[in-house]
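Residues per chain are reported as follows:
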Amino acid sequence: MTEQENAIRAGAGSAGDGDGAAPRVRLRDRDAELRSVEAAVDRLCRGFAAGGTEIGDLLTFSGRPGIGKTSLLHEVRRLAKLREGATVLFARGGERQFKEPYHVLRQLLQPVLSDLRPEVFSQVMGTWEEVVGPAMGIKQPKAGARRLDPQGVRDGLDYVITQLAPRRAPMVMIVDDLHWADGESLSWLTKFAIRSSELPVLLVFAFREDENDWPTETQEPFRKDVLRLKGRKHELNRLTLSSVTDMIRAELGDKAEDAFCYEFWNVVNGNPFEANALLDQVRDQELEPVEENSRQLRELAVDATGMTLKSWLDRLGASTLRFAWACAMLGTDIRVDLATRISTQSTEGARDSIKQLRKQRVLTQTPNGNLEFVHPLIASSIYNTMPDATRLGMHGIAAAEIENAGLGLLAASRHLVETHSGEGDDRIVKKLRRAAVEHQLIGAPEAAQRCLHRALNEPPADEIKAEVLYELGCSALLTDPVATVNQLKLALDPDEVPLRPELRVDATFRLSEVLAHSGELGQAALVCQKEAQQTADPAGRQRLQAASFMWHAFRKSEEDGPGRSARLGEMCRNLGGRTAADRAVLAMRAWDLTLRGAPSAEALALADEVLDAGRLPKGLGWTDTTWGFELPSMLGLTYIYNDRIAQAERLAADAIIQFEIAGWSGAHRGFAYFLMGLARFRRGLLAEAEDFLRRAHRISERIGQRLPLAWDAIGVLVDTLIARGRVEEAWTLANDFGFHPPYHSTAMVLPDAASLYGKLLVAKEKYAGAAAALTEAGAQLEVRGWRNTVWAPWAGHLAIAIARDEPERARDYAERAVQDARNFGTASAIGSALRLQARIEDGQAAVELLEDAVTYLGQSPAGYEHAVALVDLGAALRRVGRLDDAQEYLYQGIELAQHCSAEGLVDRARRELANYGLRPNRLGLRDFRETIDTLSSAEWEVAKRAVQGVPPQRIADELGVPIGLVNRRLAAVYRKAGSGPDGLASALGLPPQQRDASGLEDLDD
Ligand SMILES: Nc1ncnc2c1ncn2[C@@H]1O[C@H](COP(=O)(O)OP(=O)(O)OP(=O)(O)O)[C@@H](O)[C@H]1O
Ligand SMILES: [Mg+2]
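The structure presented is a predicted model; accordingly, all values stated were derived computationally and were not measured.

1. As for the site of ligand 1
Taken together, 24 residues lie near ligand 1, and Gly66, Lys69, Thr70, Ser71 and His375 sit nearest. Between ligand 1 and the protein, one listed contact pairs an oxygen atom with a side-chain N or O atom of Ser71 at 2.6 Å. About the coverage of ligand 1: the protein hides 97% of its 620 Å² of free accessible area. Elements supplying a minimum of two residues to the shell around ligand 1: strand S2 (25-26), helix H2 (69-82), helix H11 (272-284) and helix H17 (376-384).

The structure is reproduced here in structure tokens:
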């Protein structure tokens, strides 16, 4: 493109959707940038036409105010719109709107999302509709909805854009004035920009890079993120002398002297906005463009761009200026009726003001009939000349008028927080509190907090103050633990007017929750205990007592474990009914019994009483805030350790979905992944376990460093890697993370960290270290009265670690573990303990123990443990010379280990076979019976007919099912039988094909 051709609409560069409104202006000195734009759009469209999907790109334009960024973006829009099928999305930040949550993203996405057909809309939204919908303002929050976690909104947006982009590709997303984008939008956009290349999206940003041009310090981290972005970056330079000279001569004629033009260029420093402003002045003042006059330019420039209150007053007059202030208050896309009412002018007066403001090139009209400042620099200048009192007052009027106009409290609250405080106006406090609630429902806790802080400054009536503090504390629950703790402590301050009793209980519980999540479990328990003593209401007291039990249970160590357990048992026996609170106590007790290794049936009976037909009861759901997610977690853990893994997996799957729907993407979802990972690990699905655990760990890292959740995830991940035979990787992971004593300083790691660590050392054959770690673990658990050998298999592994040096002691430990496991009574616990005991025995003794272990584990869901026992048994049989039996168990072990993705175990079994002259793989066809067993009855029906040579279509007709289904079943039959049609009969042990009975008779003859 040549410069002559690039006459574009740059003029009122900022006009919102004002593509049609702005005059065409020639864009000078921007050839390189324009080529870059054209090339980027071209690459995107060609790439997409060629079937590409990961073809995204990022273009940024930065530079000083007025340098021409918006003008270039208009060119991007124009070029992109010329492309057939392209979707062009546009949004911009507003200096007055950077505190409006999702202001930019709503502009960007609302139009395209609301344009989708209903079925496409549901596909694009997936499970995120209740999260992204309210945040993007295209859906009311569901009745009874709770606060949204902003991280959940971001995750939802990731999903939505991934779905949307390919459907609307090629897609160009343009954001102007990114420096004024709201924090909620920025935090998603900056992350999306990093991975935009994975989608068919060209992302284009324009922003001022100087920190003074970013609105507050809180945006500083975003500024840094934006500056760090990698892409095609263009920093716009000032215009050249010759371009500015051209601009001057185009306006004032060729008579403009070189010296004048040179001084002009110097004064405006090549800035096109300032050049235009100064040209206006020169024209208004009828200044001759000759050398002698060039000295006056500097003064004129100050007038042109450095407008003061006085200069605006002189230029516009008081009432017109007041109208302009009202407009500045509203930001971008200004509704005339609102501006009129905020300026307290009559309709006629407003009409005159608008006329005057358009004439003075302050305002312009957009195609939708709204108003717009011709340039954001002018809007800033007008707003900044407002005297403080006027500004505070006008924000108050704006808030009221916006509400009256039916635009809602969310929109009004931006003005409410800017109003004058100190009046003690109850209505304002009420409104701000309501606005805070609404902000939480769209995933904007920071905006909610601004409202509540402002409410506190009002100030609220004494009896309300603690309540506002409580709400403030709750608003930061998902995002800012430190703030939450402080505010809730203030809300509970004994020297202030006290909080209503029911709120006191809740505030205490919340405080304890946040303390617990930050690892302060002892504190958490104490806070509840103390408050419980002062709580008169029995239900409230029970809740706090139960909570204190719960936090103690999650502590790394406690002074009086057995005592607490006894008290919990007592509480359990005295329960009056089956309310949610009662069931909460039952769940706690079930978990307590599990940890203690009490007979499994007892714990399971209690856990089953908590559930309603296998599901969590009302009031104890994953997202219920009365009890928090710890409670269902304890239930899930109980099922995992009591061999009811399928039930635990149902709960964990529910958790993942519930948290997704509620948009709780932080620790909550991370924990749900952990729980699922642990369940999968226990079941022996190691590859899946690894995947879930890694996800849990990633989420945890995103929230903070080495949180309890990370310990949990790493611990089980290490265990999983050992099981998969990747001991070195497990060792490195543990070391990199620092998974070793003294472990997490306050919180218990799930499952027992010391046992896991000892197990790792045994796997590394570091027996002395293992012995020390496991002995210590045993002592600690003993004090606590916890004897669950699956949760903490320290004794069995300790036996292995010391077997060589202290065989007697080793036997004692192994025996003790078996005893404890028998006492607990689950098949997996007994089987695993026996298997460990066999490791320190030899000969026939080992064989017998392992035969028992295999029998037990064969009846448990612990697939991997079963596989290990089979291989161990095979090896033990080989050692006593029973090679045939050895071979059989090793084959079984290999098959199961393969199913578990326990590659290391498969290798070990194969080596065992190969080293002793046995075949490392089963020979020939599998046993007919076994193959037949794996066929479903439907597959079997199809197979029998296929063997008879019945063609698929006829099989379909005979069975009355679609042909597609027959083909699918046939494929399964061939796969399972290990044969195509020809050998199928013999693979299934059926008589060979008898296509035609009469033919056979002929042969017989
Ligand atoms: N390359 C150019 N040649 C001539 N005039 C230009 C050029 N770029 C911009 N202008 C004019 O300069 C004025 C300011 O440009 P623009 O609004 O694009 O600046 P900006 O960088 O977006 O400023 P801000 O940071 O304040 O948003 C506009 O009126 C536009 O017409
Ligand atoms: Mg701009």
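Further notes follow.
2. Details of helix H7 (residues 183-195)
When the terminal C-alpha atoms of H7 are compared, their 19 Å separation across 13 residues agrees well with the 18 Å that a helix rising 1.5 Å per residue should span. Of all 13 residues in H7, 10 are buried; the element is thus mostly enclosed. Buried residues of H7: Gly183, Glu184, Ser185, Leu186, Ser187, Trp188, Leu189, Thr190, Phe192 and Ala193, and no others.

3. A few points about the packing of aromatic side chains
If you walk through the whole model with that rule in mind, you get 20 aromatic pairs. Note on Phe659 and Trp664: the rings are 6.2 Å apart at their centroids and 15 degrees apart in plane angle, and the pair reads as stacked. Grouping residues by exposure puts Phe659 and Trp664 together as buried. Pairwise contacts between aromatic rings join Trp622, Phe629, Phe659, Trp664, Phe671 and Phe674 into one cluster. Taking the ring centre of Tyr673 as reference, the NZ or CZ of Arg695 above it sits at 4.9 Å.

4. Description of the packing of helix H10 (residues 258-268) against H11
Packed helices, taken two at a time, are described by the angle their axes make and the gap between the axes. Contact geometry for H10 and H11: axes closest at 9 Å, N-to-C directions at 130 degrees. Accordingly, the angle class assigned to the pair H10 and H11 is oblique. Here the hand of the crossing between H10 and H11 comes out right-handed. Here Phe260, Phe264, Val267 and Val268 of H10 come into contact with H11, specifically with Glu274, Ala275, Leu278, Leu279 and Val282. Among the residues making up the contact of H10 with H11, the classes are represented as 8 nonpolar, no polar and 1 charged.

5. Side note on empty space enclosed by the protein
Taken as a whole, this structure holds 4 cavities of 30 Å³ or more when the rule is applied. A volume near 200 Å³ is recorded for the largest cavity. Contributing elements (two or more residues each) for the lining of the largest cavity: strand S9 (371-373) and H17. When residues of the lining of the largest cavity are assigned to their parent elements, the largest contribution, 4 residues, is made by H17. Across the lining of the largest cavity, the residue classes tally to 6 nonpolar, 8 polar and 5 charged. Computed from the structure, the second largest cavity encloses a volume of approximately 70 Å³. Every residue lining the second largest cavity is counted, 13 residues in all, and those nearest its centre are Arg787, Ala792, Trp794, Arg816 and Asp820.

6. A look at the side chain of Arg92
Position of Arg92 relative to the elements: it lies in strand S4 (residues 87-92). For Arg92, a relative accessible area of 7% gives the class buried. At a separation of 2.6 Å, a polar atom in the side chain of Arg92 contacts the side chain of Glu372.

7. Some details on the nonpolar core
If you look at soluble globular proteins, the nonpolar side chains tend to sit buried side by side. Judged by nonpolar contacts, the single largest core of 224 residues is most densely connected at Phe373, Ile382, Trp551 and Phe739. For this core, the element with the most residues is helix H34 (residues 708-723), which contributes 11 residues. Residues Ala135, Met173, Leu229 and Ala444 belong to the second largest nonpolar core, which totals 49 residues.

8. Notes on the confidence of the model for the protein chain
When pLDDT is averaged across the protein chain, the result is 91; 95% of the residues are at 70 or more. The model gives residues 1-21 a pLDDT under 50, and that stretch makes 67 contacts with residues more than four places away or in other chains.

9. Comments concerning the pattern of salt bridges
A pair can form between side chains of opposite charge whenever their charged atoms are brought close. For the structure shown, the criterion picks out 87 salt bridges. Between Asp225 and Arg228 there is a salt bridge, with its nearest N and O atoms 2.8 Å apart. Of this pair, Asp225 and Arg228 are both found in helix H8 (residues 220-228), 3 residues apart, which corresponds to roughly one turn of the helix. Judged by relative accessible area, Arg228 falls into the exposed class, the value being 54%. Bridged by salt links that share partners, the residues Glu690, Arg694, Arg724, Arg726, Glu729 and Glu903 form one connected network.

10. A short note on the packing of helix H40 (residues 827-839) against helix H41 (residues 843-858)
Taken N-terminus to C-terminus, the directions of H40 and H41 make an angle of 160 degrees; their axes are 8 Å apart at the nearest point. The angle between H40 and H41 falls in the class roughly antiparallel. In this structure, H40 crosses over H41, and the sense of that crossing is left-handed. Counted together, Ala827, Ser828, Ile830, Gly831, Ser832, Leu834, Arg835, Gln837 and Ala838 of H40 and Ala846, Leu849, Leu850, Asp852, Ala853, Tyr856 and Leu857 of H41 form the full contact between these two elements. Here the contact of H40 with H41 is built from residues that sort into 10 nonpolar, 4 polar and 2 charged.

Quick notes on the rules
Residues numbered from 1 in each chain as written. Chains lettered and ligands numbered in written order. Predicted model: local features only at pLDDT ≥ 70, side-chain atom pairs only at ≥ 80, totals over all residues. Heavy atoms only, no water. Near = heavy atom within 4 Å. Polar contact = N/O pair within 3.5 Å; in protein donor to acceptor, adjacent residues only side chain to side chain. Areas by Shrake-Rupley, 256 points an atom, 1.4 Å probe, with all protein chains shown as cover. Helix = DSSP H or I, 4+ residues; strand = E, 2+ residues; numbered from the N terminus. Expected span 1.5 Å × (residues − 1). Buried < 20%, exposed > 50% of the residue type's maximum accessible area, 1.4 Å probe, protein only. Phe/Tyr/Trp six-rings, centres within 6.5 Å; stacked < 30°, edge-to-face > 60°. Lys NZ or Arg CZ within 6 Å of the ring centre and 35° of its normal. Axes fitted to C-alpha atoms, helices over the stretch in contact; angles between N-to-C directions. Parallel < 35°, antiparallel > 145°, perpendicular 65-115°, else oblique. Left-handed = near helix turned anticlockwise from the far one by under 90°. Contact = heavy atoms within 4.5 Å. Nonpolar A, V, L, I, M, F, W, Y, C, P; charged D, E, K, R; others polar. 1 Å grid on protein atoms, 1.4 Å probe; cavity = no way out; pocket = protein on both sides within 12 Å on 5 of 7 lines; lining within 4 Å. Points joined across faces, edges and corners; volume = space filled by probe spheres on them. Core = buried A, V, L, I, M, F, W, Y, C linked by side-chain atoms within 4.5 Å. pLDDT = per-residue confidence, 0-100. Salt bridge = Lys/Arg side-chain N within 4 Å of Asp/Glu carboxyl O.

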